[in-house]
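Structural overview
If you want the building blocks of each chain, they are given just below.
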Amino acid sequence: MNSDLIQTSFAKSSCSRRKFLQGATLGLAAGLSGCMTSRSQPLKGWIDSHVHVWTPDLASYPIQAPFRPADLVPPSFTPEQLLAFTRPNGVGRVVLIQMSFYRFDNRYLLDSMRRYPGVFSGVGVVDEAAVGLAGVVRDLSGQGVRGFRIHPDRREVGSWLGTEGMATLWRMCADLGLAVCPLIGPDALPFIDQMCVRFPRTRVVIDHFARIGVDGQIRQESLDVLCRLARHRNVSIKTSAFYALGKKSSPYLDLAPMIRQVRDAFGARRLMWGSDCPYQVDPGHNYTDSIALIRDRLDFLTLEDRDWMLRGTAEKVFFS
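For every chain, the first residue of the written sequence is number 1, and numbering continues from 1 onward in sequence order. Under the rules for a predicted model, residues below a pLDDT of 70 receive no local features and side-chain atom pairs below 80 are neither given nor counted, while totals for whole chains, interfaces and linings still include all residues. Excluding hydrogens and water, the side-chain figures rest on all heavy atoms present in the structure.

Some points on the nonpolar core
The tendency in soluble globular proteins is for nonpolar side chains to be buried as a group. Put simply, a nonpolar core is a bunch of buried Ala, Val, Leu, Ile, Met, Phe, Trp, Tyr and Cys residues held in one set by side-chain atoms that sit within 4.5 Å of each other. Here's how the labels work: a residue is buried when its accessible area is under 20% of the maximum for its type, exposed when over 50%, partly exposed in between, all with a 1.4 Å probe on protein chains only. In terms of nonpolar packing, the biggest core is built from 89 residues, with Trp170, Ile206, Leu226, Ile259 and Val262 touching the most fellow members. In this text, helices come from DSSP runs of H or I with a minimum length of four residues, and strands from runs of E with a minimum of two, each type numbered from the N-terminal end. Per element, the largest residue contribution to this core is six residues, and it comes from helix 6 (residues 164–176). In this analysis, two residues are considered to be in contact whenever any of their non-hydrogen atoms come within 4.5 Å of each other. In contact with isoleucine 259, other than residues within four places in its own chain, are Phe209, Phe242, Leu293, Ile294, Leu298, Phe300 and Met309.

What about the environment of isoleucine 212?
The topology assignment puts isoleucine 212 in the loop between strand 6 (203–206) and helix 8 (220–228). Its relative accessible area of 2% is what places isoleucine 212 among the buried residues. The spacing of isoleucine 212 and glycine 246 is 34 residues in sequence and 8.3 Å in space, taken between C-alpha atoms. Setting aside residues no more than four positions away along its own chain, isoleucine 212 makes contact with Pro186, Ile218, Arg219, Ser222, Leu223, Leu226, Leu245 and Met258.

Here we look at the packing of aromatic side chains
Each Phe, Tyr or Trp ring, with Trp reduced to its six-membered ring, pairs with another whose centre is within 6.5 Å; inter-plane angles below 30 degrees give stacked pairs, above 60 give edge-to-face pairs, and intermediate values give tilted ones. Summed over the entire model, instances satisfying the criterion amount to 10 aromatic pairs. Ring centres of phenylalanine 67 and phenylalanine 101 lie 5.5 Å apart, and the angle between their planes is 75°; this geometry places the pair in the edge-to-face category. Of the two residues, phenylalanine 67 is situated in the loop between strand 1 (46–51) and helix 2 (79–86) and phenylalanine 101 in the loop between strand 2 (91–97) and helix 3 (107–115); the sequence distance between them amounts to 34 residues. Considered together, phenylalanine 67 and phenylalanine 101 belong to a single accessibility category, that of buried residues. Centroid distance tyrosine 102 to tyrosine 108: 6.0 Å. Interplanar angle 45°. Geometry classified as tilted. One aromatic cluster in this structure is built from Trp54, Phe67, Phe101 and Tyr279. Between arginine 93 and the ring centre of phenylalanine 319, over which it is positioned, the NZ or CZ distance is 5.2 Å. Charge-over-ring contacts are defined here by two conditions on Lys NZ or Arg CZ: a distance within 6 Å of the ring centre and an angle within 35 degrees of the ring normal.

A word on the pairing of strand 5 (residues 179–182)
The alternating pattern of strand 5 places Ala179 and Cys181 and Val180 and Pro182 on opposite faces, both of which are buried. Where strand 4 (residues 145–150) lies against strand 5, four bridges are found, and the strand directions are parallel. Paired with glycine 147 across the two strands is alanine 179, which belongs to strand 5. Strand direction decides the pairing type here: strand 5 and strand 6, joined by two bridges, are parallel. In short, DSSP must find at least two bridges between two strands for them to pair.

Describing the confidence of the model for the protein chain
pLDDT expresses, on a scale from 0 to 100, how confident the predictor is about each individual residue. Put simply, the protein chain has an average pLDDT of 90, and 87% of its residues get 70 or more. Low pLDDT, under 50, characterises residues 1–43; the predicted model gives this stretch 95 contacts beyond four residues in sequence or across chains.

So, helix 7 (residues 189–198)
Structurally, the α-helix is built with 3.6 residues per turn, so residues lying three or four positions apart point the same way. Here helix 7 has its buried residues at Leu189, Ile192, Asp193, Met195 and Cys196. The buried residues of helix 7 occupy one face: seen down the axis, they fall within an arc of 160°. Here, the arc refers to the directions that run from the helix axis to the C-beta atoms.

As for the pattern of salt bridges
Definition used for salt bridges: Asp or Glu carboxyl oxygen within 4 Å of a side-chain nitrogen of Lys or Arg. Within this structure, the stated rule accounts for 18 salt bridges. For arginine 115, the salt bridge is made with glutamate 80, and the minimal N-O distance between the two is 2.0 Å. Taken together, the residues span a long stretch of sequence, with arginine 115 in helix 3 and glutamate 80 in helix 2 at a distance of 35 residues. What makes arginine 115 partly exposed here is its relative accessible area of 35%. Because the salt bridges share partners, they merge into one network encompassing Arg93, Asp307, Arg311 and Glu315.

Topic: empty space enclosed by the protein
Grid spacing is 1 Å over the protein atoms alone, the probe is 1.4 Å, and a cavity is where that probe fits but cannot get out, while a pocket is an open set with protein on both sides within 12 Å along at least five of seven lines and lining residues have an atom within 4 Å of a point. Grid points are joined across faces, edges and corners, and a volume is the space filled by probe spheres set on the points. Considering all chains together, one arrives at one cavity of 30 Å³ or more under this definition. Volume-wise, the largest cavity comes out at about 30 Å³. Around the largest cavity, the lining residues are Val53, Leu96, Ile97, Gln98, Met99, Tyr102, Tyr108 and Leu109. Sorting the residues of the lining of the largest cavity by element identifies strand 2 and helix 3 as the ones contributing at least two each. Residue polarity follows a fixed list, in which Ala, Val, Leu, Ile, Met, Phe, Trp, Tyr, Cys and Pro are nonpolar, Asp, Glu, Lys and Arg are charged, and the others, Gly among them, are polar. The class makeup of the residues in the lining of the largest cavity is seven nonpolar, one polar and no charged.

Notes on the packing of helix 10 (residues 287–295) against helix 11 (residues 303–318)
Note on method: axes are straight lines fitted to C-alpha atoms, helices fitted across the in-contact stretch only, with angles between N-to-C directions ranging 0 to 180 degrees. Packing of helix 10 against helix 11 brings their axes to within 9 Å, and their N-to-C directions diverge by 140°. Taken together, the axis directions place helix 10 and helix 11 in an arrangement best described as oblique. When helix 10 is examined against helix 11, the residues Ile291, Ile294 and Arg295 are found in contact with a partner set consisting of Arg306, Met309 and Leu310. When its residues are assigned to classes, the contact of helix 10 with helix 11 shows four nonpolar, no polar and two charged. Angle categories are assigned with fixed cut-offs, so that under 35 degrees is roughly parallel, over 145 is roughly antiparallel, 65 to 115 is roughly perpendicular, and the rest are oblique.

Have a look at this one:
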């Protein structure tokens, strides 16, 4: 039905709207009162490589069928609400991922990037089957989009990746220095591997460990397939969405072996941390615990590893 985690068991939000909005309001007051500098000046610090934003202003930014207003949970997660969580945690820049509610209408993503120049980068969504795809990709690239999310939805993975439109997208991303960002499960990894062989110049950023562990089980065979992608030098992995993987419980230390194996295979220079907000701040989870897993809690990560995972890799891919 849709390209985002919210439509799968990976992110069935149980967020209490009242608690969420109260928390966001309090966080905004505390977090922005002393640290909101001119929005024209990029803020340094850590980078969150994976966040979704949306607005309750459905007249200006209508959601697309089959979604309904009731599907927006929480009903609002604007850049201002986001910054209430990021800035107190030392996160100065964020990669916004086009929200599936809007499908191929990337206007809210682009407008958010324009309102906070230098703070946000963006990953858009395009219809790879549409006539004029090349022109759309060039236009969005010119507006600062640095990658494109792809997702098979209900399509068979092999035929989905084998279309001419998909080939056009991968070629153009290589030519323009953009990233292809697959939201996939472990079953799709062999097909992504084939695409990396076919398009070796294309940057590929795999979301959320390819959702290994979403069913509560972190299977070694799936991790092995993921790590085989490390032989493609342009593949990076998002160590992200901790709330949805493994035991799904803070402080998320059960994910440490998976993070270590992926670090050993790819090196920290090809890993990037992402919160997957607003789902990371659903009741029972919080933003600080997500960043703290990489920043503070894994003793096998060196200071250099942490710097690459929390800043350097995302900066190279999405802000260069």
